[in-house]
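Letter by letter, the chains look like this.
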Amino acid sequence: MLVNPSRRALYISLAYVVLALAWIFGSDAAVVFLFPPEWSVVLQLAKGVVFVLVTAMLLFWLLSRIERYSSESQQLRKSQLHAQQMRDTYAALSAANHAMMKEGDKYNLFTQICQIVVHYCGVRMAWIGLVEPDGHWVVPVAWDGDELGKWYLKQIKVSSDPELPEGRGPVGRSLATQQTVLFQDFLEDPDAAPWHYAARQAGFAAVAAFPLSHSGQVIGSLAVYASDEGYFSAEVIALIEDLAADVGFAVEAMERETERRRQNERIEYLAQHDLTTGLLNRSTMTVKIDEAIGFRRGDGKSAALLFINLDRFRFINDAFGYHTGDILLHKAAQRLRSLLGPGMELCRHGADEFLVLINEVSGRDEGAALATQIIDSFSLPLRYMDLEHTVSPSIGVAIYPQDATDSAALINNAEIAMQAAKRGGRSRFCSFTVEMQSVVQHRLALEASLRGALGRGEIELWYQPQIDIKDMQLVGVEALMRWCHPERGWVSPGEFIPIAEESGLIVELGDWAIAEACAQAAQWHSEGLLAGPVAVNVSAAQLIRGGMAEKVDSILARSNISAPMLQLEMTESMFLHESGSLSETLESFNRRGLRLAVDDFGTGYSNLGYLKRLPLAKLKIDKSFVLSLPDDVEDAVITRTIVSMAVGLNLRVIAEGVETREQLAYLQQIGCHEGQGFLFGRPQPPDELTARMRSAQGWLVDE
């Protein structure tokens, strides 16, 4: 049974009184009874001495017991306090570690660390500040504490620059020294002067700052505020230092994990998207098409696929470079994306090709409507570097399940329809039909045959005379390519030249044509049969490719003819993007004395500024204007205008497709210089034209 300490002290005091009174009265009676009176004085003295000694011994015993009890109590209190601090330390570290493992955002972690410090360390406020990336000010990013602490934080400014007064406080020093800094008497320290007023109002007497580091770099500081001067003991400091160190490691780990996730997301993005346009790539689109087919197979509905090719885009790449091409592709992709609605997907399928998937349609009309909308949207040019680039789309439309039942076939059939749109004049769309497959197969077979045709000697150059219509004399010839297929016979140039251009074979064929024409011109000139130049058509692919001028130099030297004896004909549309390598090639031609003829003039280019910039010798009026002369008033006006302009620019002008004497008479009347057409002679092999040159007959076929 436990006894109350106060009651125990009362019991001891009462016992002492009883014993003392018993001693006094008992000892006096014993002295009187046992000893003679003369001994009374001595005995009374001895009795007092004994009383004092016994009392002193009892007092010593009591005091020693009290002292030992007090010491044991103090030790117990210290042990209990230490145990409590250890519990708080472990609890704080445990809470911090839990937060670090759970939290993925460093700013949320900062807030939780401030809360832990305030809760477990018995302080008034804690805040974390980070140094501005491009400055010296410390910006609070997390805090915890009472309302006065919140008010205080709004009043102060802290810097990491030790040259500033705001950089000499605990936070600034911790950032500069990368060590813990204590201001145990914050209100009296002169280096804390910028914050004294606010600290007094908030009741802060001691401040400690702990640097936060990762990867060897200080990124910020944890500042802790207490109400009592000298508050920060070694235990509290050690605890917060451990927390600050753990926070630094946690932030470093978070940033590594964030970077890892970012890299993984980037890898996943690159695996699914085209880097130039940001659109889905081909493989991802195939998955989307398969998914759409799966859904439509289940509900019995249809899906549509649009295959889009940007006409002439390869020419832009060659003329302006791939950097410009990539930027314009990105702009084209943005324009396409702006037209899409819900349930549609867009991808870049190839260099200048895009696919649009409409996940659900009721029929062909919806695909056709979107195709029309896309074509209309590209009537506006794409702008880059103060230039306008007109790009037209050719679009093929295929429908699931009517046209194909799997993704590969659907893409293939949409592409077949797109190629049909290109053959039909471009900037249009076609819906897939079964008949288109046979056309494509035919073109592929023709391309395969064309690849070896030059080596097998199947390609020939025929020549058509060009006549001065004033005196009806031969002034030049045009070289025209012909192909005699071993099985099909003669293949129309209108059929195989576009295939050669699309496949890239036109470069090899065009270079051969220049060499062959120059060799033939050298023979005619040496025999005195031809005084004027031989004209050879060149493609954009030949001109844009580097070294064209040097190659022509070599051919002229090998043929032993001068530059004026060769005339290169270019279609007017080539000047639409006259820039870059094309401009360099044309300038090289000019320096070498090579003169150019503009073929099909008036059919494709609205800005005639190139007429005064380029080394031109001749304009060829397109046969579409000559065909209806002189009866068609509009064609007559256009033809007369072209002739007048050419004369004013000191250029010769030749009319193509002259077939009747009426056409010839009108051209003579308006001052046209030359004519070319069936009226003067069809294209023919060189030996036949040689025989005609040697004959005495005139150049009108009916003479």
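Residues numbered from 1 in each chain as written. Predicted model: local features only at pLDDT ≥ 70, side-chain atom pairs only at ≥ 80, totals over all residues. Heavy atoms only, no water.

**Points about a nonpolar patch on the surface**
Together, Tyr16, Val17, Leu21, Trp23, Ile24, Phe25, Val50, Val54 and Leu58 give the surface a local cluster of nonpolar side chains, amounting to about 780 Å² of exposed area. Contributing elements (two or more residues each) for the nonpolar patch: α1 (5-34) and α2 (40-102). The element best represented in the nonpolar patch is α1, accounting for 6 residues. With respect to the element layout, Tyr16 can be found in helix α1. (Patch = residues over 30% accessible without salt bridge, like charges linked within 9 Å, V, L, I, M, F, W, Y side chains within 5 Å. Areas by Shrake-Rupley, 256 points an atom, 1.4 Å probe, with all protein chains shown as cover. Salt bridge = Lys/Arg side-chain N within 4 Å of Asp/Glu carboxyl O. Helix = DSSP H or I, 4+ residues; strand = E, 2+ residues; numbered from the N terminus.)

**Comments concerning the pattern of salt bridges**
Enumeration according to the criterion identifies 21 salt bridges in this entry. A salt bridge links Glu674 to Lys618; its shortest N-O distance comes to 2.8 Å. Here the residue Glu674 occupies a position in strand β21 (residues 674-676), and Lys618 occupies one in strand β19 (residues 616-621), the gap between them amounting to 56 residues. Lys618 matches Glu674 in its accessibility class, with the two residues each being buried. Across the pair Glu674 and Arg652 runs a salt bridge, and its minimum N-O distance is 2.7 Å. Of this pair, Glu674 sits in strand β21 while Arg652 sits in strand β20 (residues 652-656), and the two are 22 residues apart along the sequence. Look at the salt bridges and you will find they share partners, linking Asp468, Lys618, Arg652 and Glu674 into a network. (Buried < 20%, exposed > 50% of the residue type's maximum accessible area, 1.4 Å probe, protein only.)

**Topic: the sheet that holds strand β3 (residues 181-183)**
Taken in spatial order, the 5 strands line up as β2-β1-β5-β4-β3 in an open sheet, and their pairing is antiparallel. Either end of the sheet is taken by a strand with one partner, and the two such strands are β2 (138-145) and β3. Within the sheet, the average angular offset between the axes of one strand and its neighbour, ignoring direction, is 20°. Against the sheet, helix α3 (residues 106-121) engages β1 (125-131), β2 and β5 (217-226), with an angle of about 45° to β2. Against the sheet, helix α4 (residues 147-155) engages β1, β2 and β5, with an angle of about 175° to β2. (Pairing = 2+ DSSP bridges. Axes fitted to C-alpha atoms, helices over the stretch in contact; angles between N-to-C directions. Contact = heavy atoms within 4.5 Å.)

**Some words on the side chain of His485**
Tracing the backbone through its elements, the reader meets His485 in strand β14 (residues 473-485). A polar contact of 3.0 Å, which involves the side chain of His485, links it to the backbone nitrogen of Glu487. Apart from the residues within four sequence positions on either side, His485 is in contact with Leu446, Ser449 and Val491. (Polar contact = N/O pair within 3.5 Å; in protein donor to acceptor, adjacent residues only side chain to side chain.)

**Remarks on the packing of helix α14 (residues 493-503) against helix α15 (residues 505-526)**
Between α14 and α15, the shortest axis-to-axis distance is 5 Å and the interhelical angle comes to 115°. Contacts between α14 and α15 involve Ile497, Ala500, Glu501 and Ser503 on the former and, on the latter, Leu505, Ile506 and Leu509. When its residues are assigned to classes, the contact of α14 with α15 shows 5 nonpolar, 1 polar and 1 charged. (Nonpolar A, V, L, I, M, F, W, Y, C, P; charged D, E, K, R; others polar.)

**Description of the packing of aromatic side chains**
Inspection of every chain in the model, using the stated rule, returns 10 aromatic pairs. For the ring pair Phe204 and Tyr225, a centre distance of 5.0 Å and an interplane angle of 45° mean the geometry is tilted. Pair noted here: Phe204 is in the loop between α6 (196-202) and β4 (206-214) and Tyr225 is in strand β5, with a separation of 21 residues, a long-range link. Note on accessibility: Phe204 and Tyr225 belong to one class, buried. A connected cluster of aromatic rings, assembled from ring pairs, spans Tyr152, Phe183, Phe186, Phe204 and Tyr225. Over the ring of Phe378 we find Arg335; its NZ or CZ atom is 5.4 Å from the centre of that ring. The lysine or arginine in question, Arg682, covers the ring of Phe678, its NZ or CZ lying 3.8 Å from the ring centre. (Phe/Tyr/Trp six-rings, centres within 6.5 Å; stacked < 30°, edge-to-face > 60°. Lys NZ or Arg CZ within 6 Å of the ring centre and 35° of its normal.)

**So, the confidence of the model for the protein chain**
Detail in the predicted coordinates should be disregarded across regions flagged by low pLDDT. Scored by pLDDT, the protein chain has a mean of 83; 89% of the residues are at 70 or more. Within the protein chain, helix α19 (residues 610-613) has the poorest average pLDDT of any element, 67, and strand β13 (residues 459-468) the best, 94. (pLDDT = per-residue confidence, 0-100.)

**Section: the side chain of Gln663**
Within the secondary structure, Gln663 sits in helix α22 (residues 661-669). On the accessibility criterion, Gln663 (3% relative accessible area) is buried. Among the polar contacts listed, one links the side chain of Gln663 to the backbone nitrogen of Glu659, at a separation of 2.7 Å. Each residue touching Gln663, except ones within four places of it in the same chain, is listed here: Val626, Leu627, Leu629, Gly657 and Val658.

**A look at the pairing of β19**
Counting buried positions over the 6 residues of β19 gives 5, a clear majority of the element. Pairing of strand β18 (residues 595-601) with β19 involves 4 bridges; the strand directions are parallel. Each bridged residue has a counterpart across the sheet, and for Leu596 the counterpart in β19 is Leu616. Summarising the sheet, β19 and β20 pair through 4 bridges and their orientation is parallel. Residue pairing for β20: Lys618 is matched across the bridge by Arg652.

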